[in-house]
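# Structural features, examined
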Amino acid sequence: MVDVIEEEMDNPTFKSDTVLSDVHLHCPNKRHLMVRLNAVGQPVFQSYFKLILSIEDLTSAKHVREATTEGEHWYRSGEKLYNENRNNLEERELNSEVEALLDDDGDLEVVRRPRSASDLEAEDLLRDRVCPVILMKGEEDALEHEEQKRTCSDVVKIEHTMATPLEDVGKQVWRAAFLLADYIVFKRDTFRCCSVLELGGGTGITSIIMGTVAKRVYCTDVGEDLLAMCEQNVALNKHLMELGSGEVKVKELDWLKDEFCTDPEAPYSWSEEEIADLHNHCTVIMAADVFYDDDLTDALFRTLYRITHNLRNSCTVYLALEKRLNFTLRHMDVTCEAYSHFRNTLNDLENLQDRRIKYTVEPIKLDFCQALVYERVEQL
């Protein structure tokens, strides 16, 4: 948990009060474009997250196979390199004396495990650590370059903040949203023409990717400022969704309340027709990186229970998260309490005795290819 001191935007220093997603510091951008201040005075940046293939290419089965091959290469190249080095080490141990492992100075020569495939790929993609740079008026070449990016079909444009209090973490982009987006692209035929509900949609990146294949996506969260940012991101990427004739609707859904917001004066409220459409046609519910607070986790599962009981059709819920390890004084050890509580609550849901509905939990193997350029860490 960090707090950015913005005296010098080029050299942020950190304190321990707010939360920063390192996705923003390790994304394939040379710079971030600060576009505005939001309603609470936080700087809002616009970043470009590259798709390995364009949306047009992904509609072709041939290109999907090529993407799968490329994605498999990403994961297997690191494993292959590690195995080769391990075999070389074993051969050296068999064919040489211990002295062969010493360097010229007599120090022990350590054979290190190679970097992961994503690290190797990072060099090719120039994914160096970057800090936010404000583009000033007069930088015509930079702005022209940014404008060209706006029309590309192989990037997703997302407005976000860099650091927020814990209650505003939805304004940042998190890795599990990319992981779920990868799965959507990989299994796009599964989601084609579906009606989908996303809980805790945040900046909307997962709903936007889902909108390229699904018929309708209800992207939900709470907070007018966050929902306005999400709606802006949907508008920025409208050209991607138009290729698949998809639609993304940004709506308020508070897990701490038992009913949908239907107040016509509220900017992101539900109409009765939209609620009926959700109940009659929704077959997919998804959520990414929303399990960081035990009370909110409990509220999310209560919301899942309530909504699924009102659906006409059977529904599949996709949950993606990153396990965040922390050292706690209570345990005097490194733990992942938020993840543990999530797993316990998930088990309770699966063991729930209910005559009307039954929940079955299955893990998904993470052997599907990577569709967006980001660092897929093993904690996902």
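As the structure is a computational prediction, the values presented were derived from the model and not from experiment. (Residues numbered from 1 in each chain as written. Predicted model: local features only at pLDDT ≥ 70, side-chain atom pairs only at ≥ 80, totals over all residues. Heavy atoms only, no water.)

Before going further, it helps to spend a moment on the packing of aromatic side chains. For any pair of aromatic rings, the description consists of the separation of the ring centres together with the inter-plane angle of the planes. One pass over the structure, following the stated rule, counts 14 aromatic pairs. An angle of 20° between the planes, with centres 5.0 Å apart, marks the rings of Phe-178 and Tyr-374 as stacked. Note that Phe-178 is positioned in helix α5 (residues 175–186) and Tyr-374 in the segment after α12 (337–350), a separation of 196 residues in sequence. For the pair Phe-178 and Tyr-374, a shared accessibility class is recorded, and that class is buried. A ring pair is formed by Tyr-183 and Phe-368, whose centres lie 5.2 Å apart and whose planes are at 70°; its orientation type is edge-to-face. (Phe/Tyr/Trp six-rings, centres within 6.5 Å; stacked < 30°, edge-to-face > 60°. Helix = DSSP H or I, 4+ residues; strand = E, 2+ residues; numbered from the N terminus. Buried < 20%, exposed > 50% of the residue type's maximum accessible area, 1.4 Å probe, protein only.)

Axis separation between helix α11 (residues 294–309) and α12 bottoms out at 10 Å; the angle between their running directions is 25°. The orientation of α11 with respect to α12, classified from their angle, is roughly parallel. Relative to α12, α11 is oriented so that their crossing is right-handed. Contact residues: α11 offers Asp-294, Thr-297, Asp-298, Phe-301 and Tyr-305, while α12 offers Glu-337, Ala-338, His-341, Phe-342, Thr-345, Leu-346 and Leu-349. (Axes fitted to C-alpha atoms, helices over the stretch in contact; angles between N-to-C directions. Parallel < 35°, antiparallel > 145°, perpendicular 65-115°, else oblique. Left-handed = near helix turned anticlockwise from the far one by under 90°. Contact = heavy atoms within 4.5 Å.)

The side chains of a regular strand alternate between the sheet's two faces. One ladder, built from five bridges, connects strand β11 (residues 282–288) with strand β12 (residues 316–320); its direction is parallel. Bridge pairing links Ile-285 to Val-317 in β12. A crossover connection joins β11 to the parallel β12 through α11; in handedness this β-α-β unit is right-handed. (Pairing = 2+ DSSP bridges. Right-handed = clockwise from strand over helix to strand, strands pointing away.)

Taken in spatial order, the three strands of this open sheet run β4-β5-β6, and their pairing is antiparallel. Where the open sheet ends on each side, the last strands, each with one partner, are β4 (33–37) and β6 (155–160). Averaged over all pairs of adjacent strands, the angle between strand axes in this sheet comes to 25°, irrespective of strand direction. Here strand β5 (residues 43–50) runs beside β6; their pairing, made up of six bridges, is antiparallel. Across the sheet, residue Tyr-48 finds its bridge partner in β6, namely Lys-157. Taken strand by strand, helix α8 (residues 224–236) contacts β4, β5 and β6, and its axis lies near 160° from that of β6.

The next point concerns the sheet that holds β12. Strand order in the open sheet formed by five strands is β10-β9-β8-β11-β12, and the pairing between neighbours is parallel. Of all the strands in the sheet, the pair left with one neighbour each is β10 (247–252) and β12. Ignoring which end each strand starts from, the neighbouring axes of this sheet average 20° apart. Where α5 meets the sheet, its contacts fall on β11 and β12, and the angle it forms with β11 comes to roughly 145°. Sitting on the sheet, helix α10 (residues 272–281) touches β8 (195–198), β9 (216–221), β10 and β11, and the angle it makes with β11 is about 100°.

Atomic detail in the predicted coordinates should be set aside for any region of low pLDDT. Residues with a pLDDT of 70 or more make up 64% of the chain, whose mean pLDDT is 78. When the criterion is pLDDT under 50, residues 1–16 qualifies, and its contacts beyond four places in sequence or with other chains add up to 34 contacts. Confidence drops under a pLDDT of 50 for residues 74–79, and excluding neighbours within four residues, the segment shows 14 contacts in the predicted structure. (pLDDT = per-residue confidence, 0-100.)

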